[in-house]
Amino acid sequence: MTDAKRSALRHWLSDVRESRDHPHDAGIDPCGVHWQRHAEGVLELTPSGMDATATTSDAADGKSPSAAEQPSHRYDAVLSCGIHGDETAPIEIVDGILRDIADGKLTLRERVLVVLGNPDAVRAGKRYLEYDLNRLFQGAHAKRAESPAVQRARELEVIVAQFFAGVDGVRRQRRHVDMHTAIRASLFPRFAVVPGTPERPPRAAWFDALAAADIEATMRTEQPSVTFSYYTCARFGAESCTLELGKVAPFGENPLADFAGIDAALRRWLSGGDMAAREDGQVLQARRFRVAAEIVRRTDAFVLDVPADTPNFTAYPAGTVLARDGENTYTVSHPEERIVFPNPDVANGLRAGVMVVPE
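The residue count restarts for each chain, going from 1 along the sequence in the order it is written. Note on the predicted model: pLDDT of at least 70 is required for a residue's local features to be given, and 80 or more for side-chain atom pairs to be given and counted; whole-chain, interface and lining totals, by contrast, use all residues. As a rule here, side-chain values come from all non-hydrogen atoms in the structure, and water together with hydrogens is ignored.

- The chain has the name Succinylglutamate desuccinylase in an unreviewed UniProt entry, where Pandoraea commovens is given as its organism.
- Looking at the Sequence similarities (unreviewed entry) heading of the UniProt record, one finds this comment for the chain: "Belongs to the AspA/AstE family. Succinylglutamate desuccinylase subfamily."
- According to the UniProt record, the Function (unreviewed entry) comment for the chain is "Transforms N(2)-succinylglutamate into succinate and glutamate." UniProt positions are given in the numbering used here, feature names are shortened, and annotations may be inferred rather than shown by experiment.

1. Overview of the pattern of salt bridges
Side-chain pairs of opposite charge can arise where the charged atoms are in close proximity.
Right, so step 1: When a carboxyl oxygen of Asp or Glu is within 4 Å of a side-chain nitrogen of Lys or Arg, the pair counts as a salt bridge. Taken as a whole and judged by the stated rule, the model has 25 salt bridges.
Right, so step 2: Taken together, the shared-partner salt bridges in this structure form one network comprising R220, E222, R288 and E359.

2. Section: the UniProt feature "binding site: Zn(2+)" (unreviewed entry) in the chain
Right, so step 1: As annotated by UniProt and renumbered to match this structure, "binding site: Zn(2+)" (unreviewed entry) occupies H84, E87 and H180. Of the residues just listed, which span 97 residues, no C-alpha pair is farther apart than 7.5 Å, and they cluster in one region.
Right, so step 2: Tracing the backbone shows H84 in the loop between β4 (75-81) and α4 (88-102).
Right, so step 3: Working definition: with a 1.4 Å probe on protein chains only, accessible area under 20% of the residue-type maximum means buried, over 50% means exposed, and in between means partly exposed. Exposure remark for H84: the relative accessible area of 3% places this residue in the buried category.
Right, so step 4: Whether two residues touch is decided by their heavy atoms; if any such pair falls within 4.5 Å, the residues are in contact. In this structure, H84 is in contact with K126, R127, D132, N134 and H180, ignoring residues within four places of it in sequence.
Right, so step 5: Of the polar contacts made by the side chain of H84, one reaches the side chain of D132; its length is 2.7 Å.
Right, so step 6: For E87, the location among the structural elements is in the loop between β4 and α4.
Right, so step 7: By relative accessible area, which is 2% here, E87 ends up buried. Numbering of helices and strands starts at the N terminus; helices are DSSP runs of H or I of at least 4 residues and strands are runs of E of at least 2. The term polar contact refers here to a pair of N or O atoms within 3.5 Å; inside protein, the definition further demands a hydrogen-donor-capable atom paired with an acceptor-capable atom, and it admits residues adjacent in sequence only when both atoms are side-chain atoms.

3. Digging into helix α9 (residues 260-270)
Right, so step 1: With nine of eleven residues buried, α9 is to be regarded as a mostly interior element.
Right, so step 2: The inward-facing, buried residues of α9 abut β4, α4, β5 (111-116), β6 (173-182), α7 (204-212) and β9 (239-247).
Right, so step 3: Positive backbone phi, approximately 100°, marks G272, located one or two places after α9.

4. Examining the sheet that holds strand β14 (residues 328-331)
Right, so step 1: Strands qualify as paired when DSSP identifies two bridges or more between them. Strands sit in the order β11-β13-β14 across an open sheet of three strands; the sheet is antiparallel. Lying at the two open borders of the sheet, with one neighbouring strand each, are β11 (303-304) and β14.
Right, so step 2: Judged from the four bridges that link them, strand β13 (residues 321-325) and β14 form a sheet pairing that is antiparallel. The residue bridging D325 from the neighbouring strand is N328, located in β14.

5. Observations concerning the pairing of β13
Right, so step 1: Bridge analysis of β11 against β13 gives two bridges, and the strand direction is antiparallel. Following the sheet pairing, V303 is matched in β13 by R324.
Right, so step 2: The hairpin formed by β13 and β14 contains two residues between the paired strands, and G326 there has a positive phi angle of roughly 65°.

Here's what the structure looks like:
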C-alpha cells in the first residue's frame, strides 16, 4: 500500500470518519476532475470539461448539449475491487491509479465509478464478515436475512443503477472491471470470467482488450449468476468481467510487477485510449474457454473428489467422477474439462466448482 498520507484510496474511500460522517462529499481536484463520494468506499470521478451536475432529466427538458458540444468521453466505467476484503493486490492497483489522477500524472478522460466493495472486511483483513458479498447481487440479497453485507449489496446495486443512468443525456458504452485475487494457485495466474447473455454475447474486441492486459485465460459464461460483474452485464448491458490476479496476499506483499499489464491497460482506457493498444505494439492472445457446467452443492452429503490444493484449470479426462451429492454425481462428459474455483465448503445451493472447455 502506498504511504497513508499520500494514498488517494485512503483519502477518498477508506477513511472511516470522513466517509461515514460526510458520505456524500464532493469537490473538484486541482486538475479539474469532479469527485463525489456516494457512500463509504464509492467514489465517482467525472473528467474536466464534462458536466458532472447534469442528469438524464436534462435531456427530457431539452437541455442536452448539441452534437458539437458533446464531450468525446466514450465510457461510463465501473472499476471495483475489495469485494473480498483480503484480496489486496487490486486495491493497491486502484490506489495507484487514483493517486496519479490526483497528482496530475494521469489525465482522466472517462467517467468512472470507483468501488471499494467491502471496507469493513478490508479493515479486518478477511474475505467477508457475514456473507460473501460477491454472492449477493442480481437481487440475491433479498433472499438473505438483513445484515451489513446484504445492506451493502443493495446499496451498491442502487448506486450503480444511478451511475449508469448517465449524465448530460448521452448514452455511452458501459464497462465494468471487477478485480479480485484467487484463494488458490492457478495454471493461468491471471484470468478473467467474462459474463454474457444469449441476447448479448461478449464482443471479440473485449477478449482482445483483456489479452492485451496480460490476462492469460478467459472463461466465457452465459450462466446466470449472483456476482457483481454478472449483475452489471445482465441488468445494464455492460461489457463486464471478473479478473483474478494471482493469489491472495497481505498489503505490501503483492508482486505488483506481475500485474503491470492490467495496470497499464486500465490507465490507457481511463485516459481515453484503447485497452488493446499496448505501448510495445504486441498483439497477445489469451487461452479461450467457455463454461460447460457448474457443480452445485445441494445437500450436506456433498463430496467434491478434488484435492484441497488443486490449482484452477486442472484438467480431467472424460469419465472422471468429480462430485457426489447423495444419488447425484458429476461426471466429466467432454474429452477434457478443467475445474475452476473448486470449493466443497460453500453453503448448500452455491456452486462448488466451475467446469470449462476450450472455445
